[in-house]
Amino acid sequence: MSLLDIENLSLSIGETPILHEVNLSVGPGEILGLVGESGSGKSMTALTVMQLLPGAARASGRVIFDGIDILDASEEKMCALRGDAVGMVFQEPMTALNPVKTIGEQVAEGIRWHLRASRAEAEERAARILDRVGLPPQKFPLARYPHELSGGQRQRVVIAIACALDPKLLIADEPTTALDVVLQAQILDLLRDLVTENRMGLLLISHDLAVVTEMADRIAILRHGEVLETGDTARVLSEQVHPYTRQLAQASMHVPARRQAGTEADLPPPLTPPHKGERNEALPTSPSSLWGGVRGGGERSHDRSASIKDASPLLSVQSVSRLYPGRRTSLFSREAPTRAVDDVSFSMQAGRSMALVGRSGCGKSTLARLILALDRPSAGEISFLGRTVTGRSEAELKPARRNMQVVFQDPYGSFDPRHKAERLVAEPLHVLEKKPSPAERRDLVAEALAEVGLSQSDMDKYAHEFSGGQRQRLSIARAIITRPKLVIADEPVSALDVSIRAQILDLFADLNGRLGIAILFITHDLTVARAITDEVMVMHEGRIVERGRTSDVLDHPRSEAAKALVGAAPDLGRALAARLGEQD
Amino acid sequence: MSGAFSNRSFLAGFLITALVAAMALASYLWTPYDVTKLVIADKTQAPSPAHWFGTDHFGRDILSMVMVGSRNSIAVALVAVGIGMGAGVPLGLWAAARGGFIDEALMRLNDLVFAFPALLSAIMITAIFGPGALNAIVAIGIFNIPVFARVARAGGLAVWPREYILAARAAGKGGTAITLEHILPNIATLILVQGTIQFALGILAEAGLSYLGLGAQPPMPSWGRMLFDAQTKMAIAPWMAIFPGMAIVVTVLGLNLLGDGLADILDPKVRRRR
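The structure displayed is predicted, hence computed values, not measured ones.

Cut-off values and rules
- Residues numbered from 1 in each chain as written.
- Chains lettered and ligands numbered in written order.
- Predicted model: local features only at pLDDT ≥ 70, side-chain atom pairs only at ≥ 80, totals over all residues.
- pLDDT = per-residue confidence, 0-100.
- Pairing = 2+ DSSP bridges.
- Helix = DSSP H or I, 4+ residues; strand = E, 2+ residues; numbered from the N terminus.
- Axes fitted to C-alpha atoms, helices over the stretch in contact; angles between N-to-C directions.
- Buried ≥ 20, exposed ≤ 12 C-beta atoms within 10 Å, placed from the backbone.
- Contact = placed C-beta atoms within 7 Å.
- Nonpolar A, V, L, I, M, F, W, Y, C, P; charged D, E, K, R; others polar.
- Core = buried A, V, L, I, M, F, W, Y, C linked by C-beta atoms within 7 Å.
- Expected span 1.5 Å × (residues − 1).

### Remarks on the confidence of the model for chain B
Confidence along chain B averages 83 in pLDDT terms, with 97% of residues attaining 70 or more. Reported confidence for the predicted complex is 0.71 by ipTM and 0.76 by pTM.

Written as structure tokens, this is what we have:
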């Protein structure tokens, strides 16, 4: 008999239909993976089980949990159920905890409420469960506050709250999406152990097919509120009966079609002086040639290979450090400063694409800000196009700004909600020497939009009228409108669904190949690095610990940090092979 | 702006505000009775066809007084809000953009102004420079400055760390350009809403000052002055308090609706949904 049975569940919020005839079941000790793109109704399914739907929602069908009909249950009954027999883990560990209460109090809260236990008993139990999730009270006292913990540790606290009363069913809604791969692997291990230990049912919601394949016994594929396919994970994914399943699987393993092996071979080995002589065409650096550049594919790639052979690097970073002052411990003393970026040196040639990988908090984004001259290094020097960037005034930085642009992770937060697309995309035109006229401006914007696959009619829309993927295209259009030499992309695809992610990666590969724009790709996701970069640098605790060709580093990592990243990265092919192996 | 009137609260607010403004303007041309003429024989009459809102203890027509009084109340509140916004918003935005010492200094100065009870300081100002509508305006206006500075700074601080600001900086824009192009439009809603609240408070403050005899001077009526006169006659002539009180309530309500509607209209997300 299954623990949770969802039969013919339909749901609408106001006039909008959300779910249509959903049938799912989770047995004790079973992991059901619910996969789908954003907006497919995954989270709404979870909220229906918890009866935490928004006010205007109307559900029909049957949801039976442990013999109780949830859709008919009173609020009182649901209160008794939630946090006791059904636990829930949320995506964002930063906001799922109350910042003004200690972790001990937050874990004990549910225990005291449901068991009417005394404070001392509840705290003892809280200590036990925190120990179980990997936060032993000797090292992490109950009196810690959430801000004193890292993201992964916070997610452990959230899991401890959900599992404090040994629930029969745990619902985890994208529990690892906000974490880096190493933490993701740890949290998934923890969830798996808790499931086998207590014969708990787990409803794992994710957009990441690789994660679900690794974890789930059975899988359900959701699209537009309908379950397209459900069944044994290995069977569903190996047979791929439904075309959408195939599409999802392909998007997860997608590698952009880019330069052939020939180009790979003539890349100079990193850190050696490039040989001069064969072709000595100079980099087009003057503003006029910026606009005069020929768009033909052949001409461009010709330019690119020429610029690779060019003597001076596009970007060079020399022993750069960024220190943040430590916390003040008394009036006269401070803790030792935090070295966010610690003595980093590297250089990048024009037209290349390089990945900067590392776990969250390793200093990747700080380094990006230093390169973009949005922050000043505490020591060291950065030069771009042969000129020093460090310590220059904003006016002197203009030529550098023209040739260096940025794409951020969050496609929602990176646009001013009050401006139309035309103005948003045109923003960097501000740094041009000669201000374009309104008509020229419109033309340039139209060209940039066309370049990223958006249409001219999109110019008069506001940012919120675009979907997540379209917004990321808009963000890229903004970055390339001045025809920069370098685009720094800070986790540009980690907030996107797999299918959209594949499209955006294709777009980056295309821009790199066709327009010869060098791309510094900051990511914690190795599949992204492998898909579109020539070289990779591994960063750990502010230092660059390994550097080399992408395939070399990812296939044969030498440093500990790189090994950890490679080992933890979920991979659909590998996970599926393991699943199939299990069955034989 | 043609679509603006499909917003219900904007429409209602606009109509009420227009009505009050029309009333104030009309009072320059015509009022039912002369507000400076005392007709003792008609004193404290209840509302009637001859005197729709009744008469006060000097026999003046309340409707005429409410009409003439609206000039003073609206002018004082409007100019006071203008002073507060004009000085406060730039100060707040500057503090948010620069941070550090300038922020600290400006905000402590703000606290200093906040620390004085507003009405008390207004009394001080009018005591020094003499009572009158102009001094009341200045006194109320000065105390609006820190309110707007606070709101603008808080709003600005919330917008500055956003990624689109970072993108604008990466595009080479300086602090002033970013403040004008990105920060100000994004906190306009906050400032507008605060503006309507301060306008309402301005009318009340003017009423308070006039009530103490420090605002508009007799025989010029103002709503606050009328309430002051009404208080001792509440038992025998409640209409003396009810009608100017209603006038204040309706004006404030109209402005609040107008502010809410304007905030919705300026927000592209809400606008498209309608």
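### Things to note about the sheet that holds strand 7 (residues 169-173) of chain A
Residues and elements named next belong to chain A. Spatial ordering of the open sheet is given by 6-7-8-3-9-10, a layout of six strands whose pairing is mixed. Both outer strands of the open sheet, strand 6 (86-89) and strand 10 (226-232), are each paired with one neighbouring strand and no more. Strand-to-strand twist in this sheet, taken as the mean axis angle between neighbours without regard to direction, amounts to 15°. Both strand 9 (residues 218-223) and strand 10 contribute to a ladder of six bridges, which runs antiparallel.

### Section: unusual backbone geometry
Residue and element names in this part refer to chain A. In this model, Asp 66 sits at a positive phi of 55°, which is unusual for a non-glycine residue. Relative to the elements of secondary structure, Asp 66 occurs in the loop between strand 4 (57-65) and strand 5 (68-69). Exposure remark for Asp 66: the 17 C-beta atoms within 10 Å place this residue in the partly exposed category. At Asp 343, a position not held by glycine, the phi torsion is positive, near 50°. As for its placement among the helices and strands, Asp 343 is situated in strand 12 (residues 338-348).

### Describing the environment of Val 22 of chain A
All names here are of chain A. Along the chain, Val 22 turns up in strand 2 (residues 16-26). When the C-alpha positions of Val 22 and Leu 228 are compared, they lie 9.4 Å apart, and in sequence the two are 206 residues distant. In this structure, Val 22 is in contact with Ile 6, Leu 9, Thr 45 and Val 227, ignoring residues within four places of it in sequence.

### Observations regarding the interface of chain B and chain A
Contacts between the two partners involve 18 residues from chain B and, on the opposite side, 24 residues from chain A. Elements supplying a minimum of two residues to the side of chain B that touches chain A: helix 6 (163-170), helix 7 (175-211) and helix 10 (268-273) of chain B. Broken down by element, the residue count for the side of chain B that touches chain A peaks at seven residues, all from helix 6 of chain B. Classifying every residue of the side of chain B that touches chain A by side-chain character gives eight nonpolar, four polar and six charged.

### Topic: the nonpolar core
Core analysis: the largest hydrophobic core is formed by 239 residues, its most contacted members being Leu 204 and Phe 521 of chain A. Broken down by element, the residue count for this core peaks at 18 residues, all from helix 2 (residues 62-98) of chain B. Those residues in contact with Leu 204 of chain A that sit more than four places away from it in its chain are Ile 31, Leu 32, Gly 33, Leu 34, Ala 172, Val 212, Met 215 and Ala 216 of chain A.

### Here we look at the pairing of strand 4 of chain A
Residue and element names in this part refer to chain A. Both strand 1 (residues 4-13) and strand 4 contribute to a ladder of eight bridges, which runs antiparallel. Pairing of Glu 7 across the sheet is with Arg 62, part of strand 4. In this structure, strand 4 lies alongside strand 5, joined through two bridges in antiparallel fashion. Bridged to Ile 64 within strand 5 is Asp 69. The antiparallel pairing of strand 4 with strand 5 creates a hairpin that spans two residues between the two strands, and Asp 66 there sits at a positive phi of about 55°.

### Brief notes about helix 3 (residues 100-115) of chain B
Compared with an ideal rise of 1.5 Å per residue, which puts 16 residues at 22 Å, helix 3 of chain B spans 22 Å between its outermost C-alpha atoms and is within 8% of the ideal. Here helix 3 of chain B lies mainly on the outside; one of its 16 residues are buried.

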